[in-house]
Amino acid sequence: MERARGIWPHALINKLFMDLKNKVAVITGVNKGIGRSLVELLLDKGAIVAGWGMNKPDIEHNNMHFFETDVRNTPMVEIAYNSTKALLGDEIHILINNAGLGYFGYFEEMPPEQFRELFEVNVFGIYNTCRFIIPAMKKKQYGHIVNISSTAGQEGMAQVAAYCGSKHAVRGISESLYKELRDFGVKVTCVYPGSTKTDFFRNSPYIKPHDQMLKPDEVALQIVRALETSDNFLTTTIEFRPLQPKPR
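Here we summarise the structure given alongside this text. Small disclaimer: the values here were computed from a predicted structure and weren't measured.

1. Quick look at the overall build of the chain
The helix and strand tally for the chain stands at six helices and seven strands. Reading the chain from its N end, one meets helices and strands in the order α-β-α-β-β-α-β-α-β-α-β-α-β. Here the chain holds 248 residues, and 46% of them are scored as buried. The long-range fraction of contacts in the chain, counting pairs at least 24 apart against all pairs at least 6 apart in sequence, stands at 65%. For the chain, the accessible area works out to roughly 13,300 Å², and carbon and sulfur atoms hold 51% of it.

What follows is the structure in structure tokens.
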């Protein structure tokens with residue numbers, strides 16, 4: 001198709017970008033931060049959102065449906081999945097595994113229950129959601145899974161060993177799933193945000209949210225842009241970092 005100077009015809013743009021209207025998106029951890037921003041952006045795009053989480057966000061919208069779920073709990077996830085299908089139909093187009101938490105401190109001093117909780121939420125939570133949703137996506141030969149890791153999933157950090165370990169696991173799972181699912185028409189994207197201004201740092205005695213951190217809305221926007229790519233275009237990894245991360 002011939003282009004006029006500096007102008008992209010609407011027909012070409014429509015081919016390059018997927019319309020998210022009426023796409024069904026399951027998002028975990030929707031009450032705050034990146035998860036909430038994703039809900040709001042996808043609703044704005046016309047998507048139908050199934051929010052799975054412990055706490056319901058104060059978002060009133062006809063296309064927003066909340067299902068109380070603890071991603072650590074396999075029976076609860078199964079109930080949320082079945083309830084989502086019963087309400088919204090069998091086809092789930094998007095799964096965003098956003099739920100996560102972090103604890104900080106020296107590795108040997110971390111209480112066993114905190115170490116276990118980190119992996120139950122950050123790793124087993126992804127297993128639990130994928131276990132139910134992947135078979136449906138494979139059957140339809142269509143879908144996009146987004147797993148939220150962290151820059152802590154790319155390197156080691158002092159006094160963040162347990163969290164780093166859990167997010168390295170997310171990285172390994174995501175890279176393997178991408179290779180397992182690509183021939184079934186299912187995309188897998190792993191996202192590595194740097195420090196983001198959310199309540200993630202509520203358990204940190206050293207780090208408090210500040211304005212030099214990434215903004216949840218901006219992180220969510222880039223994720224949505226990856227979701228809008230055409231069927232045969234896959235963004236396998238997205239990494240975000242603050243340009244100047246230290247508070248002023």
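Following the structure, the description resumes.
2. A few points about the packing of helix α3 (residues 74–88) against helix α4 (residues 112–140)
Viewed as axis vectors pointing N to C, α3 and α4 meet at an angle of 35°, and their least axial separation amounts to 8 Å. Here α3 runs over α4; the crossing is right-handed. Where α3 approaches α4, its residues T74, V77, E78 and Y81 are matched on the opposing element by N128, T129, R131, F132, I133 and A136. Its residues placed into classes, the contact of α3 with α4 shows five nonpolar, three polar and two charged.

3. Thoughts on the pairing of strand β5 (residues 143–148)
The buried fraction of β5 is high, at six of six residues. Burial of β5 is two-sided: the residues G143, I145 and N147 facing one way and the residues H144, V146 and I148 facing the other way are all buried. The pairing of strand β4 (residues 94–97) with β5 spans four bridges and is parallel. Paired with I96 across the strands is V146, a residue of β5. As for the winding sense of the linkage, the β-α-β connection from β4 through α4 to β5 is right-handed. Pairing analysis gives six bridges linking β5 to strand β6 (residues 186–193), with the strands arranged parallel. Opposite I148, over in β6, you have V191 as the bridge partner. Taken together, β5, helix α5 (residues 161–181) and β6 constitute a β-α-β crossover, and its handedness is right-handed.

4. Observations concerning the pattern of salt bridges
With the rule as written, the count across this model stands at eight salt bridges. Its salt-bridge partner being R36, residue E40 comes within 3.3 Å of it at the nearest N-O pair. Here the residue E40 and the residue R36 both occupy positions in helix α2 (residues 33–44), the gap between them amounting to four residues, near one helical turn. For E40, a relative accessible area of 35% gives the class partly exposed. Where R241 meets E239, a salt bridge forms, and the shortest distance between an N and an O atom there is 2.6 Å.

5. Some points on the environment of A161
As for its position among the elements, A161 is in helix α5. Residues A161 and F115 lie 46 residues apart in sequence; the distance between their C-alpha atoms is 9.9 Å.

6. Digging into the sheet that holds β4
Across the sheet, which stays open at both edges, the seven strands sit in the order β3-β2-β1-β4-β5-β6-β7 with parallel pairing between neighbours. The two strands at the open ends of the sheet, each matched to only one other strand, are β3 (64–68) and β7 (237–240). Averaged over all pairs of adjacent strands, the angle between their axes in this sheet comes to 15°, without regard to strand direction. The sheet contact formed by β6 and β7 spans four bridges and is parallel. Bridging across to β7, Y192 finds its partner in E239. Together, β5 and β6 form the strand contacts of α5, whose direction differs from that of β6 by roughly 160°.

About the thresholds
- Residues numbered from 1 in each chain as written.
- Predicted model: local features only at pLDDT ≥ 70, side-chain atom pairs only at ≥ 80, totals over all residues.
- Heavy atoms only, no water.
- Helix = DSSP H or I, 4+ residues; strand = E, 2+ residues; numbered from the N terminus.
- Buried < 20%, exposed > 50% of the residue type's maximum accessible area, 1.4 Å probe, protein only.
- Contact = heavy atoms within 4.5 Å.
- Areas by Shrake-Rupley, 256 points an atom, 1.4 Å probe, with all protein chains shown as cover.
- Axes fitted to C-alpha atoms, helices over the stretch in contact; angles between N-to-C directions.
- Left-handed = near helix turned anticlockwise from the far one by under 90°.
- Nonpolar A, V, L, I, M, F, W, Y, C, P; charged D, E, K, R; others polar.
- Pairing = 2+ DSSP bridges.
- Right-handed = clockwise from strand over helix to strand, strands pointing away.
- Salt bridge = Lys/Arg side-chain N within 4 Å of Asp/Glu carboxyl O.

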